[in-house]
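Chain and residue survey
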Amino acid sequence: MSKEIVKKSRMHQGVGDRMVSIICYVIFSICALLCLYPFYYIFINTISANDLSSRGVILFWPQGIHLKNYSSALAIDGLFQAAKISVMRTALGTVATVSASAFLGFMFTQNKMWHRKVWYRLIIATMYFNAGIIPWFLVMKNMHLTNNFWGYVLPAIVSPFHIVLTKTFVESIPKELQEAAEIDGAGIMTVFFKVMIPVIKPIMATVAIFAAVNQWNAFQDTLLLVTDTKLYPLQFVLYQYLNQASSLSALANTSSSSSLAAAAATTQTATSIRMTITVIVVLPIMMVYPFFQKYFVKGIMIGAVKG
Amino acid sequence: MLGKMNKKKWYSIKLFLYVLPFIVLVLLFSYYPLYGWLYAFYDYRPPRPFSDAEFVGIKWFKSLVENPVKVAQLWQVLKNTFVMSGITLGTSWLPMIFAVFLNEIRCVPFRKFVQTVTTLPNFISWVLVYSVAFSLFNSTGMMNTLLLNLGLIKEPVLFLQSSDHVWLTQWLWLTWKNLGWAAIMYIAAISSIDDELFQAARVDGATRMQQIRYITIPSLLPTFFVLLMMNIGNFLSNGMEQYYVFQNAFNKDYIQVLDLYVYNLAMGSGSYSVSVALSMLKSIVSVLLLVGANTISKLTRGESFL
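It should be emphasised that the depicted structure is a prediction, and the values quoted were computed from it without experimental measurement.

Looking at the overall build of chain A
On a plain count of helices and strands, chain A comes out with 16 helices and 0 strands. With 307 residues in all, chain A has 50% of them scored as buried.

This is the structure in structure tokens:
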């Protein structure tokens, strides 16, 4: 019956509907292109001859393909150390945020906790207000967390948004599960580790993805807290290269591009370094993102219902 | 009886003790900074320690409205903040429209592809967005090469070092980064609309535009409204990262929003106390805005979003 209706309605589909369809396809193709082409452009430039890429002639396909930029990336000043810091803060920060969110999300469903609501609200309130970055910086300095690797990780451990996500998920699990375990004599920690964790793994994956992307992308905390170059993450090193390049290009007039053109095809140039670092920083996100998209979507949906 | 009571009480305290370390962390990193507001009432000049600073009362607050140089600066900063937040607020229906029309695409692989690709920019940092912008729009970037090849310009244009249309270009970058992701919430909301509504409309001969107008959009309005109210609460908080990475000597006058100005005051010119005073005012006004928006939501829709 309903199929028949659909068929009938298809036949009724007028010229107007067809037009809507065509316009949609055109507009969304443009949107997709606008989001993809910039990354493609940067990528083909990193594998093209460096004298061509620094003149900006590579637009649609690579020319003089070589992978030297990636093999010599290690020689870029400070890049290896920065990669180490980025990986370390992402790994440690993610583990810390995920564990704390899972634990707190579970604990705050325990009605028996002394003044549970007060503590929960105390944490959630921090989503809606903050003292401001400068007061934050000043107290971080008081606590000796400036120029300190732990300044990246410690403030990220308790993250209200992620606690809301996990708590909502835990609440959707039947109470009987915990009760049954408690009748068998399990304490609260046993319930958490043996009963809860296996059940809340999906939401822990979601939180892990969010936390990892946040840590990988973090820039502002370095800007505020860190002056020691050994503690710079990739994002910050990339920013420094961009900043230098931008002040150079503001000073340079067109004639100086001829001196850049003198560089050989595989010698590193300002452009090649900048773009290679960009690809290295973007790549992990590009690799991870399509596979975990459904987790992101799930995360924002639960967050939207509650937040 | 007493023993049982105590045991119950002890258990509830034990549960609290488990979360206590985390509460301490929150107090340290989110509530302790409120103590930093004290700096606004003192003449704090690093590297001299805070204990040596002189108490000056509301001197810095007064200077914000009395010192003509600061007033002029602050006026420009507020203008930037209001215009850029205003444009964002005024175009906050864009993600909804994006979702509505994306939903009209019948070819599922294409729809999924567009959705994945357009949400990607949301997951890269502002530094990377700036890197993308720089690669495309610097003097040897793709845009200049293209325009030169087409003969539209004779000399490279320094797009990023321009003081023209800063508000508009910043909005465009923000939209490039956020549009696809912001649409996801609406896409999910659309999929929860009862399909019978559409079938009934089709039987009655409704065109697709009519279905959108009378079914899809009305059922998305509650979501839209909640997000709009949250945007109002964030009116003063554009964040500083985007504007920090895009700022340079040429566009500085138009790109400094409140968050960035607060940062530049302290870290750039060392006026910590003034910066904290301003930051304190901003936090208070933001909370008031949020509460206000929540009240509007309660009055008009009978539900709060906090």
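Further notes follow.
Let's talk about the nonpolar core
With 149 residues, the main nonpolar core has Val158 and Ile200 of chain A together with Tyr244, Val245 and Phe246 of chain B as its most contacted residues. The contacts of valine 158 of chain A, once residues within four sequence positions are left out, are Leu104, Ile123 and Ile163 of chain A together with Phe22, Leu25 and Val26 of chain B. With 25 residues, the next largest nonpolar core counts Val100, Ala201, Leu220 and Leu228 of chain B among its residues.

Focus on the side chain of threonine 222 of chain A
All names here are of chain A. Mapping threonine 222 onto the fold places it in helix α13 (residues 220–225). On the basis of relative accessibility, which here comes to 0%, the residue threonine 222 falls in the buried class. There is a polar contact of 3.5 Å between the side chain of threonine 222 and the side chain of tyrosine 152. Other than its neighbours up to four places away in sequence, threonine 222 contacts Arg89, Tyr152, Tyr232, Pro233 and Phe236.

Some words on the confidence of the model for chain A
Do not read the fine detail of predicted coordinates wherever pLDDT is low. All names here are of chain A. Averaged over every residue, the pLDDT of chain A is 83; the share at 70 or more is 86%. Counting interchain partners and residues more than four positions distant, the pLDDT-below-50 stretch residues 1–9 has 3 contacts. pLDDT under 50 marks residues 252–262. Its contacts with residues more than four places away, or in other chains, come to 4 contacts.

A closer look at a nonpolar patch on the surface
Taken together, the side chains of Trp10, Leu17, Leu20, Val24 and Leu28 of chain B make up a nonpolar region of the molecular surface, amounting to roughly 420 Å² of accessible area. Inspection of the secondary structure assignment puts leucine 28 of chain B in helix α1 (residues 2–35).

Some points on unusual backbone geometry
Residues and elements named next belong to chain A. Despite not being glycine, histidine 144 shows a phi value in the positive range, around 60°. In this structure, histidine 144 sits in the loop between α7 (133–142) and α8 (150–153). A relative accessible area of 63% places histidine 144 in the exposed class. Even without being glycine, asparagine 147 reaches a positive phi, approximately 50°. A relative accessible area of 34% places asparagine 147 in the partly exposed class.

Observations concerning the interface of chain B and chain A
Tallying the contact residues gives 95 residues for chain B and 96 residues for chain A. Buried surface at the junction of chain B and chain A, both sides included, amounts to about 8700 Å², of which 77% is carbon and sulfur. Contact with chain A buries area across many residues of chain B, yet Phe29, Phe123 and Arg208 of chain B alone supply 8% of it, more than any other trio. Linking chain B to chain A there are 0 salt bridges. One can count 13 residue pairs in polar contact (both at pLDDT 80 or more) joining chain B with chain A. Broken down by element, the residue count for the side of chain B that touches chain A peaks at 21 residues, all from α1 of chain B. Counted by class, the side of chain B that touches chain A contains 66 nonpolar, 22 polar and 7 charged residues.

Here we look at the pattern of salt bridges
Applying the stated criterion across every chain yields a total of 5 salt bridges over all chains. Salt-bridge contacts for arginine 89 of chain A lead to aspartate 221 of chain A; the nearest nitrogen and oxygen are separated by 2.7 Å. In this pair, arginine 89 of chain A sits in helix α5 (residues 79–107) while aspartate 221 of chain A sits in helix α13, placing the two residues 132 residues apart along the sequence. No difference in accessibility class separates arginine 89 of chain A from aspartate 221 of chain A, as the two residues are buried. Here arginine 208 of chain B ties to glutamate 104 of chain B by a salt bridge, and the two come within 2.7 Å at their closest N and O atoms. Here the residue arginine 208 of chain B occupies a position in helix α10 (residues 208–233), and glutamate 104 of chain B occupies one in the loop between α4 (94–102) and α5 (108–119), the gap between them amounting to 104 residues. With a relative accessible area of 6%, arginine 208 of chain B lands in the buried category.

Criteria and thresholds
- Residues numbered from 1 in each chain as written.
- Chains lettered and ligands numbered in written order.
- Predicted model: local features only at pLDDT ≥ 70, side-chain atom pairs only at ≥ 80, totals over all residues.
- Heavy atoms only, no water.
- Helix = DSSP H or I, 4+ residues; strand = E, 2+ residues; numbered from the N terminus.
- Buried < 20%, exposed > 50% of the residue type's maximum accessible area, 1.4 Å probe, protein only.
- Core = buried A, V, L, I, M, F, W, Y, C linked by side-chain atoms within 4.5 Å.
- Contact = heavy atoms within 4.5 Å.
- Polar contact = N/O pair within 3.5 Å; in protein donor to acceptor, adjacent residues only side chain to side chain.
- pLDDT = per-residue confidence, 0-100.
- Patch = residues over 30% accessible without salt bridge, like charges linked within 9 Å, V, L, I, M, F, W, Y side chains within 5 Å.
- Areas by Shrake-Rupley, 256 points an atom, 1.4 Å probe, with all protein chains shown as cover.
- Salt bridge = Lys/Arg side-chain N within 4 Å of Asp/Glu carboxyl O.
- Buried area = accessible area lost by both parts, 1.4 Å probe.
- Nonpolar A, V, L, I, M, F, W, Y, C, P; charged D, E, K, R; others polar.

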